[in-house]
Amino acid sequence: MENRKKVIVTERIAEEGLELLRSELEVDFRDGISREELLSIIDQYDALIVRSVTKVDEELISRATRLKVVGRAGNGIDNINVDVCTRYGVIVANTPDSNTISAAEQTIALLLASSRNTAWANNVLKGGVWDRKPFRGVELYEKTVGIVGLGRIGSMVATRLKAFNMKVIAYDPYIANERFERFGAEKKNTLEELVREADFITVHTPRTEETMHMINEEMFKIAKDGVRVVNCARGGIIEEKALLNGLKAGKIASAGMDVYEKEPAINNPLFQFNNVVCTPHLGADTFEAQKRVGENIAEQVIKALKGDIVPNVVNLPTMLSEELNYLRPYITLAEKMGNFYYQLEKSPITRVEISYSGPITRNETEMLTVAFLKGLLQPVMSEKVNYVNARLMAKDRGIKVYESKHAQSNKRYKNVIAVSIYNHEHDLHIAGTLSRARNPLLVEINGYETETNLEGYVVMAENIDKPRVIGPFATMLGDEGVNIASMKVARQNRGEKAVMLVNVDNKVEEEVLKRLSSIDGILNPPRLLHF
C-alpha cells in the first residue's frame, strides 16, 4: 500500500468511481474539505479530483509539489486555472462525454415544458384549479430551431429535434462544414442570421469571453416576436437582463433555464414568470451520467499517473480513442527523435521545423509536435517536462516551432516525420518512420539514409568510406564485451564521408569510445546515444 500513489477527492463522485480509484490508488475522500486544510495537505497527493466548487488556482498548485493530474468530474473547468496547471506541468482532465446524453435530454425537456407551459399548469392544477385556458402552447413540428454550438451536446440536440420534424439551423464558426451536413443542420455564417430565422434558440457553447452575453439585447431586437429560448449550457451565455426585458415586453414567449449567471440561484428575477421553466443546474444530474462521470474521471486519473496519454486532457490536444491508438507509436517516434539533438549538440536552438508526410496527416498531429518538444527539452531542463508544458517551455526558451503537412511522402516510406533543428552555427536534419512492427526507426540523418532502431543504446560515428574501417570498429566493440544488435552504414558519395549507426546491447564506456576514435578512418570521436 505504501508504494501506491495517492489521490484526494474533494467533492462527491459516484461510488463506482471511488471503487475504481481504490483498485489502483490510495484514496482520500474528503467531500467538503475546507480551503485551509486542503492547502496544508495538498503536497501529500499525486492527484486531485474536484467538481465545480474546489478552486484550483496558483496558490493551491504551487503547494502541490507531488501533483501530476487534476481531474474534473464533469465538463466545465471554470474553477480550474488551466494556464497555471500547464505552467507547473500538471495535467487537467475532464469528462466532456459523460453527461452529453443527459444534457441533451434536459434541453429537450425544457424546450417541451416551456413551449407547453407544463410546469405552470402543474402548479395551478396542484393548487386546486382545473382550467386549461391559460396554458395553450405551441408545437415543435415544422418550427425552426437555432442551435448555437454544434459540438457534442449541440449535435445530439440536433439529431433529436430532427425527429420532431423541426428545421434545424446552426451557428458554430469552429466546426467543419461536414459536421453540419452529418447532423442535418443548415449552416448559418453569423449569429445574427440564426437569430433572425429561429423560432426556438438553444445554446450549447462553453462560457468564454467570446460567448458571455452573446445572446443579448441587440440579438433579441432582431429576433422573431414570440421567440423561445433554452439555456442548458452555462449561465450568462444568454444575458439574463436582456432575457428579463424581453419577457416583460412580450418579445420572448417562453424560456427554459437550467443555468444562471450567479449560482446557486436564489430569488432570481426569472422565477417570477410563469412562462419560464427553471431547474437548478440539472443538465448532468442523472444516475447514468453521474456513474459515467465517476468512472471516467477515475480511469483518466489512473492513466495519467501511469504515464499513459489521456484522451480528455484539457491542456493537451483532444483526441478520440481510436485516433490515439493509431498515433501512439508515432508519438513515441516523435519523442525519441526529439532526444537526438542535445545528445549531439550543446548550442541553443533558435528554431525547429517539423514536417509530417503521408496518411498520418489526416490525423491531428499537434500531439506529435508536443511529444517531439518533450523529448527535445527533457535532457536539459531542471524542471519536469511533460506533454502538458513542453510547448510552453520551448516558447520560454525562445525556440520557434514551425509545422507543415504533406499528403504524400517524397521518400520510400508511407509516413514520415522530418525535423530540421537550427542553432546559430549549423543545422541537424533527421527523419523517422515506423518499422513493420510499428517500432521507431530513424531513416535519415543530415542527408545520410539509414534504417536504425531508436531503441536502447546507439553508437554513432563518422568515417571515411574506405576498406578496413568498419571491421576493426566492430572487432574493438566485441573485444570490449559489447554485443552489436545491428549496424547501418550510409554514404552519399563513394570514398567520401559516411555515417555509421550501431545498435548495441549495453552501454559503451567513454574510454572505449576514445579508443574507437583512434581507428584509422574514424573522423570524430564516436557518440553514444540512448533512447
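Residues numbered from 1 in each chain as written. Predicted model: local features only at pLDDT ≥ 70, side-chain atom pairs only at ≥ 80, totals over all residues. Heavy atoms only, no water.

*Asks:* Honestly, the nonpolar core in this entry has me stumped. Any pointers?
*Replies:* Across soluble globular proteins, nonpolar side chains show a tendency to be buried alongside one another. Core analysis: the biggest nonpolar cluster contains 72 residues, and L21, F372, L376 and I445 have the highest contact counts within it. If one sorts the elements of this core by residue count, helix α15 (residues 366-377) sits on top with eight residues. Contact partners of I445, with chain neighbours within four places excluded, come to F340, L344, L428, H429, I430, M460, V499 and L501. (Core = buried A, V, L, I, M, F, W, Y, C linked by side-chain atoms within 4.5 Å. Buried < 20%, exposed > 50% of the residue type's maximum accessible area, 1.4 Å probe, protein only. Helix = DSSP H or I, 4+ residues; strand = E, 2+ residues; numbered from the N terminus. Contact = heavy atoms within 4.5 Å.)

*Asks:* Would you take a moment to explain the packing of aromatic side chains for this structure?
*Replies:* The description of two aromatic rings rests on the distance between their centres and on the angle between their planes. The full count for this structure, using the stated rule, is five aromatic pairs. Relative to F271, the ring of Y260 has its centre 6.1 Å away and its plane inclined at 90°; by these criteria the two rings are edge-to-face. With Y260 in the loop between β11 (252-257) and β12 (276-278) and F271 in the loop between β11 and β12, this pair connects stretches of sequence that are 11 residues apart. By relative accessible area, which is 5% here, Y260 ends up buried. On the basis of relative accessibility, which here comes to 39%, the residue F271 falls in the partly exposed class. Consider the rings of Y326 and Y330, whose centres lie 5.8 Å apart with planes at 45°: the pair is tilted. (Phe/Tyr/Trp six-rings, centres within 6.5 Å; stacked < 30°, edge-to-face > 60°.)

*Asks:* Is there a simple way to explain the pattern of salt bridges in this structure?
*Replies:* In a structure, side chains of opposite charge can pair up when their charged atoms sit close to one another. For the structure on display, the rule yields 35 salt bridges. With a closest N to O distance of 3.8 Å, K336 and E455 form a salt bridge. One end of the pair, K336, is in helix α13 (residues 321-338); the other, E455, is in the loop between β18 (448-453) and β19 (457-464), and 119 residues separate them in sequence. Relative accessible area serves as the criterion here: at 12%, K336 is assigned to the buried category. (Salt bridge = Lys/Arg side-chain N within 4 Å of Asp/Glu carboxyl O.)

*Asks:* Even after reading the chapter, I still don't get the sheet that holds strand β2 (residues 26-29), so can you show me in this structure?
*Replies:* The pairing of strands in a sheet comes from backbone hydrogen bonds and takes either a parallel or an antiparallel form. If you walk across this open sheet you meet the five strands as β2-β1-β3-β4-β5, and the pairing is parallel. Of all the strands in the sheet, the pair left with one neighbour each is β2 and β5 (91-93). Taken over all neighbouring pairs, the strand axes of this sheet differ in orientation by 15° on average, direction set aside. Bridging between strand β1 (residues 6-9) and β2 involves four bridges; their strand directions are parallel. Bridge pairing in β2 places K6 opposite E26. Across the sheet, helix α1 (residues 15-22) is in contact with β1, β2 and β3 (47-50); its angle to β2 comes to roughly 145°. Running over the sheet, helix α12 (residues 287-305) touches β3, β4 (69-72) and β5 and is turned about 170° from β4. (Pairing = 2+ DSSP bridges. Axes fitted to C-alpha atoms, helices over the stretch in contact; angles between N-to-C directions.)

*Asks:* For this particular structure, what's the right way to read the sheet that holds strand β22 (residues 527-530)?
*Replies:* With antiparallel pairing, the four strands of this open sheet are ordered in space as β20-β21-β19-β22. On the outer flanks of this sheet lie β20 (484-491) and β22, each paired with one strand and no other. Neighbour-to-neighbour, the strand axes of the sheet open up by a mean angle of 20°, direction not taken into account.

*Asks:* What should I look at first to understand the packing of helix α5 (residues 100-115) against helix α7 (residues 152-162) in this one?
*Replies:* Packing of α5 against α7 leaves a shortest axis separation of 9 Å and a crossing angle of 50°. The orientation of α5 with respect to α7, classified from their angle, is oblique. Two packed elements cross with a definite hand, and for α5 against α7 that hand is right-handed. For the pair α5 and α7, the contacting residues are T100, I101, A103, A104, T107, I108 and L111 in the first and R152, I153, M156, V157, R160 and L161 in the second. In the contact of α5 with α7, the residues fall into nine nonpolar, two polar and two charged. (Parallel < 35°, antiparallel > 145°, perpendicular 65-115°, else oblique. Left-handed = near helix turned anticlockwise from the far one by under 90°. Nonpolar A, V, L, I, M, F, W, Y, C, P; charged D, E, K, R; others polar.)

*Asks:* I keep staring at the state of the cysteines and nothing clicks. Help me out?
*Replies:* Each disulfide is one covalent bond, formed between the sulfur atoms of two cysteines. Inspection of every chain in the model, using the stated rule, returns zero disulfides. As a non-bridged cysteine, C278 has C232 as the owner of its nearest cysteine sulfur, 11 Å distant. Note on C278: relative accessible area 28%, which makes it partly exposed. (Disulfide = S-S within 2.5 Å.)

Spatial relationships are all this shows, so hold off on functional conclusions.
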